Every structure is written in structure tokens, then in C-alpha cells.
Amino acid sequence: MEIVYVYTKKRSEFGRQCNFSDRPAELHVDILPDPTLAGNFIERNPCDMPIQCVQEMSEHEVNTERFATETRGINHVEGGWPKDVNPQEMEQTMRYRKKVEKDENYVNTLLQLGSLMEHCIKQNNAIDIYEEYFGEEEDVIEGTEEPPSAKTINVFRDPNEIKRTATSLSWHPDGGRKLAISYSSLEFQHGSKEMSFDSYIWDLENPNKPEMTLKPVSPLVCLEYNPKDSHILVGGCYNGQIAYWDTRKGSQPVEMSTVEHSHRDPVYKVIWLQSKTGTECFSTSTDGQVLWWDIRKMSEPTEKLVLDLSKKGNLDSSLGAISLEFETTMPTKFMVGTEQGMVVSCNRKAKTPGEKIVCTYSGHHGPIYALQRNPFFPKNFLTVGDWTARIWSEDIKESSIMWTKYHMAYLTDGCWSPIRPSVFFTTKTDGTLDVWDFLFKQNDPTLSVKVCDEALYSLRVQDNGRFLACGSHLGTATLLEISSGLSTLQRNEKALATAMFERETKREKILEARHREMRLKERSRSEQGKEEDAKDGDTEENPEDLVAQAEKTFFEIIEAERRKNEEEEQKIQAEMSKVGKEEKEDSEEKEIDEMEVRISFC
Amino acid sequence: MFLEETLKRIQSHKGVLGTIVVNAEGIPIRTTLDNSTTVQYAGLLHQLTIKARSTVRDIDPQNDLTFLRIRSKKHEIMVAPDKEYLLIVIQNPSE
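Residues numbered from 1 in each chain as written. Chains lettered and ligands numbered in written order. Predicted model: local features only at pLDDT ≥ 70, side-chain atom pairs only at ≥ 80, totals over all residues. Heavy atoms only, no water.

An unreviewed UniProt entry annotates chain B as Dynein light chain roadblock of Erpetoichthys calabaricus. Heading Subcellular location (unreviewed entry) of the UniProt record for chain B holds this comment: "Cytoplasm, Cytoskeleton". (UniProt positions renumbered as here; feature names shortened; annotations may be inferred.)

Under an unreviewed UniProt entry, the name given to chain A is Dynein, axonemal, intermediate chain 2b, and the organism recorded is Erpetoichthys calabaricus. Under the Subcellular location (unreviewed entry) heading, UniProt states for chain A: "Cytoplasm, Cytoskeleton, Cilium axoneme". Its UniProt record gives chain A a comment under Sequence similarities (unreviewed entry), which states: "Belongs to the dynein intermediate chain family."

1. Examining the overall build of chain A
Summing up its helical and strand segments, chain A has 8 helices and 28 strands in all. A buried classification covers 38% of the 602 residues belonging to chain A. For chain A, the proportion of contacts with a sequence separation of at least 24, taken over those separated by at least 6, is 49%. By element, 51% of the accessible surface of chain A is carried by carbon and sulfur atoms, the whole surface being about 40,000 Å². (Helix = DSSP H or I, 4+ residues; strand = E, 2+ residues; numbered from the N terminus. Buried < 20%, exposed > 50% of the residue type's maximum accessible area, 1.4 Å probe, protein only. Contact = heavy atoms within 4.5 Å. Areas by Shrake-Rupley, 256 points an atom, 1.4 Å probe, with all protein chains shown as cover.)

2. Brief notes about the overall build of chain B
Helix and strand counts for chain B stand at 2 helices and 5 strands. For chain B, the N- to C-terminal ordering of α and β elements is α-β-β-α-β-β-β. The 95 residues of chain B split such that 45% are buried. The contacts in chain B between residues at least 6 apart in sequence include a share of 38% that link residues at least 24 apart. Surface accessibility of chain B: about 5,300 Å² in total, with carbon and sulfur atoms responsible for 54%.

3. Some remarks on the interface of chain A and chain B
Each side of the interface is counted separately: chain A has 32 residues, and chain B has 36 residues. Together chain A and chain B conceal approximately 3,000 Å² of surface at their shared face, both sides included; 61% is due to carbon and sulfur atoms. Together, Met117, Asn124 and Asn125 of chain A form the three largest contributors to the area buried by chain A at its contact with chain B, with a combined 20%. Close ionic contact of Arg30 of chain B with Glu101 of chain A constitutes a salt bridge, the shortest N to O distance being 3.6 Å. Scanning the region where chain A abuts chain B turns up 12 residue pairs in polar contact (both at pLDDT 80 or more). When residues of the side of chain A that touches chain B are traced back to their parent elements, those giving at least two are helix H1 (90–102) and helix H2 (104–126) of chain A. Examining the composition of the side of chain A that touches chain B, we find that 18 residues originate from one element, H2 of chain A, more than from any other. (Buried area = accessible area lost by both parts, 1.4 Å probe. Salt bridge = Lys/Arg side-chain N within 4 Å of Asp/Glu carboxyl O. Polar contact = N/O pair within 3.5 Å; in protein donor to acceptor, adjacent residues only side chain to side chain.)

4. Digging into the sheet that holds strand E12 (residues 289–294) of chain A
Residue and element names in this part refer to chain A. Pairing within the open sheet is antiparallel, and its 4 strands lie in the order E10-E11-E12-E13. Strands at the two margins of the open sheet, each flanked by one partner only, are strand E10 (267–272) and strand E13 (303–306). Averaged over all adjacent pairs, the angle separating strand axes in this sheet is 15 degrees, with direction ignored. Note: E10 against strand E11 (residues 280–285), 5 bridges, orientation antiparallel. Looking at E11, one finds that Trp272 is bridged to Cys281. (Pairing = 2+ DSSP bridges. Axes fitted to C-alpha atoms, helices over the stretch in contact; angles between N-to-C directions.)

5. Looking at H1 of chain A
The end-to-end C-alpha distance of H1 of chain A, which contains 13 residues, comes to 19 Å, matching closely the 18 Å that a straight helix rising 1.5 Å per residue would cover. Every buried residue of H1 of chain A is listed here: Thr93, Tyr96, Arg97 and Val100 of chain A. The buried residues of H1 of chain A occupy one face: seen down the axis, they fall within an arc of 95 degrees. Along H1 of chain A, exposed side chains directed more than 90 degrees from the buried face belong to Glu91, Arg95, Lys99 and Lys102 of chain A. Against the buried residues of H1 of chain A lie H2 of chain A together with strand E1 (16–23), strand E2 (28–31) and strand E5 (85–91) of chain B. (Expected span 1.5 Å × (residues − 1). Arc of directions from axis to C-beta.)

6. Let's talk about the packing of H2 of chain A against helix H1 (residues 2–12) of chain B
Packing of H2 of chain A against H1 of chain B brings their axes to within 10 Å, and their N-to-C directions diverge by 25 degrees. Regarding the angle of H2 of chain A to H1 of chain B, the classification is roughly parallel. In terms of crossing hand, the pair formed by H2 of chain A and H1 of chain B is left-handed. Across the interface between the two elements, Tyr106, Val107, Leu110, Leu111, Gly114, Met117, Glu118 and Ile121 of chain A of H2 of chain A pack against Phe2, Leu3, Thr6, Leu7, Arg9 and Ile10 of chain B of H1 of chain B. In terms of residue class, the contact of H2 of chain A with H1 of chain B is built from 10 nonpolar, 2 polar and 2 charged. (Parallel < 35°, antiparallel > 145°, perpendicular 65-115°, else oblique. Left-handed = near helix turned anticlockwise from the far one by under 90°. Nonpolar A, V, L, I, M, F, W, Y, C, P; charged D, E, K, R; others polar.)

7. Details of a negative patch on the surface
A cluster of acidic residues, Glu566, Glu567, Glu568 and Glu569 of chain A, forms a negative patch on the protein surface. Within the secondary structure, Glu567 of chain A is located in helix H8 (residues 543–601). (Patch = residues over 30% accessible without salt bridge, like charges linked within 9 Å, V, L, I, M, F, W, Y side chains within 5 Å. Lys, Arg positive; Asp, Glu negative; His and termini not counted. Charge placed at Lys NZ, Arg CZ, Asp CG, Glu CD.)

8. Some thoughts on the pairing of strand E16 (residues 342–347) of chain A
Residues and elements named next belong to chain A. Most of E16 sits out of view: 5 of its 6 residues are buried. Where strand E15 (residues 333–338) meets E16, 5 bridges bridge the pair, whose relative direction is antiparallel. Of the residues in E16, the one forming a bridge with Met335 is Ser345. Once E15 ends, the chain turns through 3 residues before running back antiparallel as E16, passing Gly341 with a positive phi of about 95 degrees.

9. Some thoughts on the sheet that holds strand E4 (residues 199–203) of chain A
Residue and element names in this part refer to chain A. The strand order across the open sheet built from 4 strands is E2-E3-E4-E5, with neighbouring strands paired in antiparallel fashion. Both outer strands of the open sheet, strand E2 (165–171) and strand E5 (212–214), are each paired with one neighbouring strand and no more. Put simply, the sheet's adjacent strands are angled 25 degrees from each other on average, direction ignored.

10. Topic: H1 of chain B
Residues and elements named next belong to chain B. Taken together, the buried positions of H1 are Leu3, Thr6, Leu7 and Ile10. Each buried residue of H1 lies within a common arc of 95 degrees when the element is viewed along its axis, so the set occupies one face. Opposite the buried face of H1, by more than 90 degrees, sit the exposed residues Lys8 and Ser12.

11. Some points on the packing of aromatic side chains
By convention here, two paired aromatic rings are described through the distance between centres and the angle between planes. Residue and element names in this part refer to chain A. Enumeration according to the criterion identifies 20 aromatic pairs over all chains in this entry. With a centroid separation of 6.1 Å and 70 degrees between ring planes, the pair formed by Tyr200 and Trp202 is classed as edge-to-face. Its relative accessible area of 0% is what places Trp202 among the buried residues. For the pair Phe282 and Phe334, a centre-to-centre distance of 5.3 Å together with 85 degrees between the ring planes defines the contact as edge-to-face. Within this pair, whereas Phe282 is found in strand E11, its partner Phe334 is found in strand E15, the two being separated by 52 residues in sequence. There is no split in this pair, since Phe282 and Phe334 are both buried. One aromatic cluster in this structure is built from Phe377, Trp416, Phe424, Trp436, Phe438 and Phe501. (Phe/Tyr/Trp six-rings, centres within 6.5 Å; stacked < 30°, edge-to-face > 60°.)

Structure (C-alpha cells):
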């Protein structure tokens, strides 16, 4: 229904002024309610109608921009002198002073103040009010044992958008006020194009912005401060090169090793060596080489070692290395932790490359991510890999002397405490940091702290044993403070730890001796029966035959199973057919009944 | 003359390291220490005394500062304030 009203006006009347006149209202349209339309609606009773009579408010969030502060100091120089007196001129100042001293007010005031002051001076001289009566009895206070705890002090986040793993941390050698962290993505081919290559040096006081950026050619996997010169850092890159920086010279590396002579895989660990010049370091990578460098001449490594156990220097059969260990008290020996789960102990001063590899210790199921000698007992070292951490003694090559239980998550890094000989720290892929005190408890960590939700990849303790930093998968480095109970040397601790290590070493030695005896017996027994078992002996030596045999037995078992299943099926089929016949009879009866019912209805 | 004797007597007490008299502008009038130390003490303690006095008077306007003693690890600094002058003595307390 269209409501239309037409206005007409003669053309000649256009442009005329409007003459308005009043008239009563005219009804043009009246639309009455149509009750039939109500059929389209359903009445609803009751009807919920919300009404609010309240002041309308809106919520806004505001975050101010970060406030940048600067510390400034002012140096005061002598001032306050009246305008006509020049403070530099001795004569003028003396004259001024003498004038003041002649003032009567001055004399009276000072006499008064003088007597007041004398009273206090005499008081001081009479009795020492701050005397300590029960002085150096702090040893008793040590008895109050607080439960071990770790407190997060600061968190340093990767400032880039695309987060990379914090793969390695290094404390500044003087006092540990700065932390150098290297960032890279260790997942193969996961790094996106926009991923930044930078690594940072952070000042512990300022977690908002890194103090310095290091810009390598390829992301750094490991980074170390030079313990002799705190301005120099060396880093190993993802592409196998080594680079070194001088923090005084800026963000670009001072020099990089040449690509042809570097590693062919990411450099997983680089350590500074103890040398007179303080410029030597060595590095290792999963390509199976250990290279020694002098940073003054980075074009070529000074020495090379291939981790080939057959001592032929064959790169193809070498073991990939993940961690490296060097103790300054034993400069000719060093140890390498491999991807295959073995620790290779090497002697640097051997004459031939073949003699460089001294012995191996195997026991881990996976790559050894951390390897460190105990700072107090260099004969014992800690290895961290797969799901356990193990402690070894150099003399026992068969197995570790102590180990932790198998955890639910991989262990990624570990290190000893520099203060307490029996305490070490480990990090796991579920983001927890464990503190183990082997003198206190060996089954479980003494303290387990969940640092973050993502996996932790690296860990470093500061030299005072109090602070430690751990780096996570998303590039977040957390600085924790350990409670004093875990970071101060207890009484007798060294003696107890020595006793513990010796005891465990002896136990392993005895076990090793027993094993050797048993093996000798076995061998002699097998030698007697060797003529009879000649054939078996041959097939045992041939791995391919063994595989074929295994396949045959496997298929036989499968065949047997299959036959059994078929027989069972046939049995079931037979039963089913019997039941089926019965069912069919039943259903026929039911149909007849239904038909009867319908007929009766109609 | 009494003034001289008083000041000399103060200086000669056991443990007294130095005496300084400062006026209202912070200018050291009389001192037994060397110039740079005097200037430092005068400037800093002058400001501290003003602050201490204003603190005492803020809490209770009827009150006023009569004496200020600062004990540190090494020695004790005693300040006797007045409207116009300040007498500062540095003493090593008996230990």
C-alpha cells in the first residue's frame, strides 16, 4: 500500500513568495490495526526486558612510554661568597673571615655552641655506646637452615619479533656484571628469512635493552668472553666460522675465520685456552673436527684434530662433537662430548694425531650436551645428555660412577657449582632447573625450579656461585639467585665429597674387575666349544645373515598368527550362520504378527 | 679570647680529628682541616642541617633542632646548629 500525496502548482506561480495560512488538520491516511496480522506472531508471556539506569562508563587502557632515565652528577665547588669577595684570592677570603670573627654575635654564639659540643665530645669519650658485647659468634647463627630456594631476579627477553633460542651464555670475567648471550635457531631449516643474526651483551641492571649488539655473518651458536681480557669475545657461528669481537671496537667482528678452513657444521662449543698471549682458543663441531685457533691470525687454524676413533683421521667415520671441556689446571688434556654419547679424552701434546685420542667413555644414549670437570676434584667430571646426568671418574672407563635417575624430559645443559664441590645444576626441556646436592640426596634434585614454560637450553653459573643464568627456547634468559645454603661452602664438605667420590670410584672398580673376570671365564668356555660351534660362530660374525634369520622368524610368527586368526574366523562364521538361521525364523514370525495387527486396525 | 681557648680545647680532646665553623651562607670561617675537605664538609653538612631542621619543625612547629650527630663506620660528625653559624666537629669515638 503506497501512501502518496501529490502537490501541484502552476508553472506561472513559481518563484512567488510563500503565503502561509492556517487551516485545520486533514486526515490523509488512517491505517487501522489488522488483527489477522497477529496470526504471524506468538504471544510471549512473560517478556524479559532489561533496563539499566546507570552512568555509562567505558574502559580504556593506557600504557605510558618507557621512561628513560639518566644518572647525572654535579660537582660542587666552593661558593656562597659575597659578590665582592673572590674565593680564589687568599687575601680577600682571609679578610672576610677576620671581619666575621670580630662580630660580637659570632663570639657569643660560638661560646654557646662550644660548650654544647664539648658535652657531646666528652660523652663520646666516656662510653662507647655502640659497643658489640657478643661479637663474633656468627658460627652459631649458621645453624638456622633455611630451605633451599632460588629467586628470579631478572628476565632478559630477546628484543626481536621472531624469537630465537638462547643457545649459550657467558658471564663477564670481572665480577660478572654483564652477560653475553648468543642466539640462534638450532632447528634445521626452521630459521625464517627475517630472523635476526644478532647476539647481545646485557647489563644485569638493565633488562629492557641490551647494552651491546654483536652482528655476526651467521647466527652465533656459542659465545665466550676471554677470561684474560674482558673486552674480547669469541663466537662460533651456525655456518661453521669462528669470529672474534672487541667490545671497544663496535658490533662487527674484528676478524672472522675463512670459510674453507672452518668447520662444516655449526660450531657448538668454543673455549679459550690458557696461553701466555691469551689469544688462543679451540672449537668443535658436529663435523667431527676439533680446531685450534689463534685470534691474531684467523685465516687458518693452528692445529686440527679429527675425532676418528680408528685413528686414521677419516672425516667420514668421525664422531660429531657437541661439547668441549678444558681445565686450566690441566692444560694438555681436554675432553670432547660427542653426538654418539661418548666422551673422548684427548691429549694435546701427543706426537702423532693417532696418539691424540687417549680413551673414550661411553654410557649416554644420546648426544652429550654438557661436559665439565668438577672444579674441586678434576678427576671427576659431569656429563649431561639424554635423560640423565652422570658423574664419571677418569680412571673408570667402563661406566659412570654416579648417575641420576631417568627423567621425563631431556636434559639440555649442566654445570658444577664453583663454590660447593657436591652441587651441580641441570636444565631440562620442560623448562625446569634442577639443583642437585649429591651429599644431601642422590635420588632427587635438592631443588627443582620451574623457570619457564618453554624448554631451557643453556645454563651458566657465575663465578661466585650465587647467581646463575639460563636461556630458553624463546630467547628468554632468566637470572636466578640461589639461596645461601646452596652457595656457601659447608663445614667438612670437601672432606665428605672426597670420601664420596673415592667410595663410588672404588665400587665401580670392583664391579669392573668382576665383569672382567666373568668375561674371561666366558671366553675360555667358548674357546673350548669353538670347534663344535664353528658354523654358528661364522653366522654370528655376519650381520646380514643375522638380519635374514630375524626376518624369517618374524614372518613365521606372523604366518602362525594369521592362520590362527583365520581358524577363529571360520569358527565364528559357522556359529553366525547357525544363529542367522534362527534369527531369520524369528523375524518371519514377527512380520506375520504385524500384518495381523494392521488388518485388525483397518 | 675565651673563644680561642674554647676552640683550642675542643680540638685537643681525645679523638677529635677536626673542627670547622661555618656561617649561614655555607662559608667556612674557621677550620683546622685542609681547604678542600673543609669546603666539602661545610657545603654538605650545611645543607643537611637545614634539611634536618626543617624536618623537625615540620613534624612539630614548636620544636627546633638542637644537635645533629652522624655516626659512620669511620668516625662521628657532630653539628651544633645556630641561627647564623654552625659548629662542626669530627671525632673518632672511643673504640
